Amino acid sequence: MRSGSDHRHSARGSARQARPLYTPEEQQRRDNTVWTLVQGLLAPFQFLVFLVSLALVVRCLLTGEGAFAADLSVIAKTLTLYTIMVTGSIWEKVVFGKWLFAPAFFWEDVVSMLVIALHTAYMVMLVGKIGTLEARLAIVLAAYFAYVVNAAQFVLKLRAARLQAQMLKGAAA
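Calculation notes
- Residues numbered from 1 in each chain as written.
- Predicted model: local features only at pLDDT ≥ 70, side-chain atom pairs only at ≥ 80, totals over all residues.
- Heavy atoms only, no water.
- Core = buried A, V, L, I, M, F, W, Y, C linked by side-chain atoms within 4.5 Å.
- Buried < 20%, exposed > 50% of the residue type's maximum accessible area, 1.4 Å probe, protein only.
- Helix = DSSP H or I, 4+ residues; strand = E, 2+ residues; numbered from the N terminus.
- Contact = heavy atoms within 4.5 Å.
- Expected span 1.5 Å × (residues − 1).
- Axes fitted to C-alpha atoms, helices over the stretch in contact; angles between N-to-C directions.
- Parallel < 35°, antiparallel > 145°, perpendicular 65-115°, else oblique.
- Nonpolar A, V, L, I, M, F, W, Y, C, P; charged D, E, K, R; others polar.

Draft legend 1. Just the nonpolar core, in detail. Core analysis: the largest hydrophobic core is formed by 21 residues, its most contacted members being V57, V74, L81, V115, V140 and Y144. Only α3 (34–63), α4 (67–96), α5 (106–128) and α6 (133–172) provide two or more residues apiece to this core. Setting aside its immediate chain neighbours within four residues, Y144 contacts F50, S53, L54, S73, V74, K77 and H119. Grouped together as the second largest cluster of nonpolar side chains are 9 residues, F96, A102, F105 and A161 included.

What follows is the structure in structure tokens.
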């Protein structure tokens, strides 16, 4: 026999799994805002910038050549990141009523803050001429690792939401 707290925990776990990522009102706001399209365009663009930059950073670390190109690519990646974070915050406000850390995307936003902090640390090092090239690029690799984790969080979250929506449609039919 379960204790009362076991039952409540079990019920909460089931409710958490069954709750869709978006309420019907949030889904309508998501579908009707231009910021959803903006995010949908910026995310793959940012990933493309990331891939090019990663190649240039790794080349620079392995060969010692192309530091200027690597730095420019990281600046482009950082500016793209800042843009997607600002527009993503606007999207979150429109859809969920919070600029950041809405419950549906709380952990994605937490990791996003780490990604921003690491990219910003790189920019401070570059502009302030702090540390060596290798130290700066090590920060970039940490930022890019965190970015990949963050991107995976979003892809998995959105995939789960799609599957959940399909299951709800199937159950209603």
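Alright, that's what it looks like, and here's the rest.
Draft legend 2. Representation of unusual backbone geometry within the structure. The backbone phi angle of F101 is positive, close to 65 degrees, even though this residue is not glycine. In this structure, F101 sits in the loop between α4 and α5. Assessed through its relative accessible area of 29%, F101 is described here as partly exposed. With phi around 50 degrees, K129 is a residue other than glycine that occupies positive phi space. Mapped onto the elements of the fold, K129 is located in the loop between α5 and α6.

Draft legend 3. Representation of α5. With 23 residues, α5 extends 32 Å between its outermost C-alpha atoms, agreeing within 8% with the 33 Å of an ideal straight helix rising 1.5 Å per residue. Among all positions in α5, only E108, D109, V111, S112, V115, I116, L118, H119, Y122, M123 and M125 are buried. Just beyond α5, the residue with positive phi is K129, at close to 50 degrees.

Draft legend 4. Geometry of the packing of helix α2 (residues 24–32) against α4. Viewed as axis vectors pointing N to C, α2 and α4 meet at an angle of 140 degrees, and their least axial separation amounts to 8 Å. Compared by their axis directions, α2 and α4 come out oblique. Contacts between α2 and α4 involve E26, R29 and R30 on the former and, on the latter, W91, V94, V95 and F96. For the contact of α2 with α4, the class distribution of residues is 4 nonpolar, no polar and 3 charged.

Draft legend 5. Examining α4 more closely. Taking 1.5 Å of rise per residue, 30 residues should cover 44 Å, and α4 covers 42 Å from first to last C-alpha, within 8% of that figure. The positive-phi residue at the C-terminal boundary of α4 is G97, with phi of around 80 degrees.

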